[in-house]
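Observations on chain architecture
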Amino acid sequence: MQKFDAIIIGSGQGGTPLAGKLAAKGWKTAIIEQRYVGGTCINDGCTPTKAMIACAEVANTVLHSNRWGVHCVGFNVDMPFVVGRKNNIVEEFRNGINTRLDETPNLTLFMGTAVFTGPKSIKVMGEELGEEHKLAAEYIFINTGTTPYIPPIKGIDKVPYLTSTTILDQVVVPKELIILGGSYVALELGQLYLRLGSSVIILEAASQLLSKEDPDVSVVIRNMLEQEGMQIHTNASATEVSKTDNSIAVTATIEGKPQTLQGTHLLVATGRKPQTAALELHKTNVLTNDKGFIQVNEKLETSAPGIYALGDVNGGPAFTHISYNDHLLVYKNLFESANLSTKDRQLPYCMFTDPQLGRIGLSEQAALKKGLPFKVAKLPMNKVARAVETGHITGFIKALVHEYDNTILGAAIIGKEGGELVSVLQMAMLGGITATQVRDMIFAHPLYAESLNNLFMSLDQ
Ligand SMILES: Cc1cc2nc3c(=O)[nH]c(=O)nc-3n(C[C@H](O)[C@H](O)[C@H](O)COP(=O)(O)OP(=O)(O)OC[C@H]3O[C@@H](n4cnc5c(N)ncnc54)[C@H](O)[C@@H]3O)c2cc1C
Ligand SMILES: NC(=O)c1ccc[n+]([C@@H]2O[C@H](COP(=O)([O-])OP(=O)(O)OC[C@H]3O[C@@H](n4cnc5c(N)ncnc54)[C@H](O)[C@@H]3O)[C@@H](O)[C@H]2O)c1
């Protein structure tokens, strides 16, 4: 049995930086990874998708270059190049993490699957290890993330469906792509492949795309994707899938009526499930919920003293920056008596469709539920100088402002740089800067940010 001060299971966006910080504090630290260092974000999630989305955006600009008076005669997408470029970026990021882990004193990386053998002991199993390693530590941090959830649709195990991981290695653009799901993964990947040349059909079970967002947000996103040529069905539940010679048939109930759709490829983007089964958590005292996510309190402590869960595996919100923030919270509470809680922190996010959806704070629906008195400032993108000048007028800027003290409660921005722009409002919210102060602030002209003056001026009318 090798004794450590801390063991980290999973080298995701929380575990990896935490490992470095604990080791720097002089803790003898082990980090265990069963696949690739860097986890979902680097290997299957943010990095590869955003790398490929950049290629799709160029294809779209070339396709519509006439709008800017630039006439191109045809173009073709070099898919092996697009995939190779993505792989190079992923490898560069992954190798960087590997090097940092290797070079950190007090830190040992074990490649293999961690399995609990007792309350504070773990064995590492893996083909490449040669021998099984047995480790023990008083502090254990679980950062094992999630993997695609495949719903139990009749026939699903008999068709060669794709997931958000496997589709990224397709070196031929899918001709007809049917996507189950209508949230972040489905819409980012749907638009990506549409722009690379696929015909795309979305089947979303809920009554709107992005079911957690306000209806006006969902409608604009739907319209913009439909205008690009995406076929979108909501209230659409797949009941059966089957494979014929050259295609996959999906039978679904769409708005109450049965229909069968044919495509060459099927992408299942119906959410993700936690990677907790292999851990054998029953050998320790870590409790999970009915979906297998690890239960934590607002300090990310599990039901077992000394064992923490960070990132998607604790039920999220499932974003890289939240997993990263989880490690800061745990570290500062352990070493700086910071008393940080997940309840107090901001939740920004950005969906990387084009235009993007940048979000921070409360939606209108959430504010209504809380019974808060609020007013809504809204500005269409075709009234934003920068958007008109650059030719990107789809979308709007919306902010919720407290009725009495003018603090900003939340914002949704659909626009070319919606994610960047919403960060400006996020900073205002963090610093307690009111809508009135932003209305009168000097921004450089003609930035998108300058439009925040006009956004909050609309409240005076
Ligand atoms: C297609 C896609 C696009 C995304 N895009 C974005 C985006 O643009 N922005 C954003 O903020 N978020 C995005 N996300 C979400 C983001 O990737 C995740 O929220 C983030 O990676 C979660 O990190 P994590 O630290 O929880 O764990 P992960 O990064 O999932 O890492 C967990 C690691 O643990 C390892 N592991 C699991 N079980 C064991 C075990 N028993 N033993 C040893 N190792 C184990 C796994 O192999 C994995 O490497 C995207 C996700 C997907 C799928
Ligand atoms: N830009 C980003 O930050 C980004 C990008 C991609 C993913 N992510 C993260 O990854 C996580 C997973 O994303 P996701 O889009 O896979 O999952 P999700 O949980 O956000 O959405 C799944 C969608 O599938 C629908 N659905 C479920 N079962 C269905 C069925 N049988 N048929 C049709 N539709 C069905 C749901 O109604 C839902 O809209 C998200 O929680 C998100 O936090 C973030």
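Residues numbered from 1 in each chain as written. Chains lettered and ligands numbered in written order. Predicted model: local features only at pLDDT ≥ 70, side-chain atom pairs only at ≥ 80, totals over all residues. Heavy atoms only, no water.

What counts is decided by this rule: UniProt positions are given in the numbering used here, feature names are shortened, and annotations may be inferred rather than shown by experiment.
Under the heading Sequence similarities (unreviewed entry), UniProt records this for the protein chain: "Belongs to the class-I pyridine nucleotide-disulfide oxidoreductase family."

1. Here's the deal with the sheet that holds strand E8 (residues 176-180)
Formally: Two strands form a pair only when DSSP identifies at least two bridges running between them. The way it works is that DSSP assigns letters per residue, a run of H or I at least four long becomes a helix, a run of E at least two long becomes a strand, and they are numbered from the N terminus. For helices, the fitted axis covers only the stretch in contact; all axes are lines through C-alpha atoms, and the angles between them, taken along N-to-C directions, range from 0 to 180 degrees. The contact rule is simple, with two residues in contact once any of their heavy atoms fall within 4.5 Å.
Ordered by their spatial adjacency, 4 strands build an open sheet running E10-E9-E8-E14, and the pairing between neighbours is parallel. On the outer flanks of this sheet lie strand E10 (231-233) and strand E14 (265-268), each paired with one strand and no other. Adjacent strand axes in the sheet meet at a mean angle of 15° when their direction is disregarded. Of the strands in this sheet, E8, strand E9 (199-203) and E14 are in contact with helix H5 (residues 184-196), which crosses E9 at around 165°.

2. Structural notes on the UniProt feature "active site" (unreviewed entry) in the protein chain
Rule in force here: The classification of residues rests on relative accessible area computed with a 1.4 Å probe and restricted to protein chains. Under 20% of the type maximum is buried, over 50% is exposed, and intermediate values are partly exposed.
UniProt tags His445 as "active site" (unreviewed entry). Here histidine 445 shows up in the loop between helix H11 (435-439) and helix H12 (451-457). For histidine 445, a relative accessible area of 57% puts it in the exposed group.

3. Focus: the site of ligand 1
Put simply, the rule is: Near, as used in this document, describes a residue that has one of its heavy atoms within 4 Å of the molecule or strand being considered. We define a polar contact as two N or O atoms separated by no more than 3.5 Å, with the added condition that, inside protein, one atom must be a possible hydrogen donor and the other a possible acceptor, whereas residues neighbouring each other in sequence contribute only through side-chain atom pairs. To be clear on the numbers: accessible area is Shrake-Rupley with a 1.4 Å probe, and residue cover counts the displayed protein chains and nothing else. Gly falls in the polar group here, along with every residue not listed as nonpolar (Ala, Val, Leu, Ile, Met, Phe, Trp, Tyr, Cys, Pro) or charged (Asp, Glu, Lys, Arg).
Ligand 1 sits among 38 residues. The nearest are Glu33, Thr40, Lys50, Asp312 and Ser323. Between ligand 1 and glutamine 13, the relevant distance is 2.9 Å, taken from an oxygen atom to a main-chain nitrogen or oxygen of the residue. Note that an oxygen atom of ligand 1 is positioned 2.7 Å from one of the side-chain N or O atoms of serine 323. Considering ligand 1 on its own, with 1000 Å² of exposed area, one finds that the protein chains cover 94% of that surface. Of all the elements in the fold, those that place two or more residues in the shell around ligand 1 are strand E2 (29-33), helix H2 (39-43), helix H3 (46-63), strand E4 (113-118) and helix H7 (320-335). Each residue belonging to the shell around ligand 1 can be placed in one class, and the counts come to 10 nonpolar, 22 polar and 6 charged.

4. A few points about the packing of H3 against H5
To keep it simple, the criterion reads: Orientation labels follow simple angle bins: below 35 degrees gives roughly parallel, above 145 gives roughly antiparallel, 65 to 115 gives roughly perpendicular, and whatever is left gives oblique. When the near helix sits turned anticlockwise from the far one by under a right angle, the crossing is termed left-handed; a clockwise turn instead gives a right-handed crossing.
Across the interface, H3 lies against H5 with an axial gap of 8 Å and an inter-helix angle of 40°. In terms of orientation, H3 lies oblique with respect to H5. For the pair H3 and H5, the crossing hand works out as left-handed. Listed contacts from H5 to Thr49, Lys50, Met52, Ile53, Ala56, Glu57, Ala59 and Asn60 of H3 are Glu188, Leu189, Leu192, Tyr193, Arg195 and Leu196. Taken together, the residues of the contact of H3 with H5 break down into 8 nonpolar, 2 polar and 4 charged.

5. Quick notes on the pairing of strand E13 (residues 257-263)
A regular strand places its side chains so that they alternate between the two faces of the sheet. Relative to E13, strand E12 (residues 248-254) runs antiparallel, the two sharing 7 bridges. From the neighbouring strand, threonine 253 faces E13, where its bridge partner is proline 258.

6. Some remarks on the site of ligand 2
Quick reminder of the rule: These domain boundaries are the output of an automatic or database domain assignment.
Neighbouring ligand 2 are 19 residues; Ser183, Glu188, Glu204, Ala318 and Cys350 lie closest to it. Contact distances for ligand 2 include 2.8 Å between an oxygen atom and a side-chain N or O atom of serine 183. In isolation ligand 2 offers 850 Å² of accessible surface; the protein chains occlude 77% of this area. Elements supplying a minimum of two residues to the shell around ligand 2: H5 and strand E17 (349-351). The dominant element in the shell around ligand 2, judged by the number of residues it contributes, is H5, at 3 residues. Residues that form the shell around ligand 2 fall into these classes: 12 nonpolar, 4 polar and 3 charged. A domain split of the shell around ligand 2 shows at least three residues from each of domain 2 (156-270) and domain 3 (349-460).

7. Some points on the sheet that holds strand E20 (residues 396-402)
Judged by pairing direction, the sheet is antiparallel, and its 5 strands sit side by side in the order E17-E18-E21-E20-E19 without closing on themselves. Strands with a single pairing partner mark the edges of an open sheet, and in this sheet they are E17 and strand E19 (374-380). Neighbouring strand axes in the sheet, compared pairwise and without regard to direction, differ in orientation by 10° on average. Summarising the sheet, strand E18 (residues 356-361) and strand E21 (residues 408-415) pair through 6 bridges and their orientation is antiparallel. Each residue of the ladder has a partner; that of isoleucine 360, found in E21, is alanine 411. Relative to the sheet, helix H10 (residues 418-431) contacts E17, E18, E20 and E21, its axis offset from that of E21 by approximately 170°.

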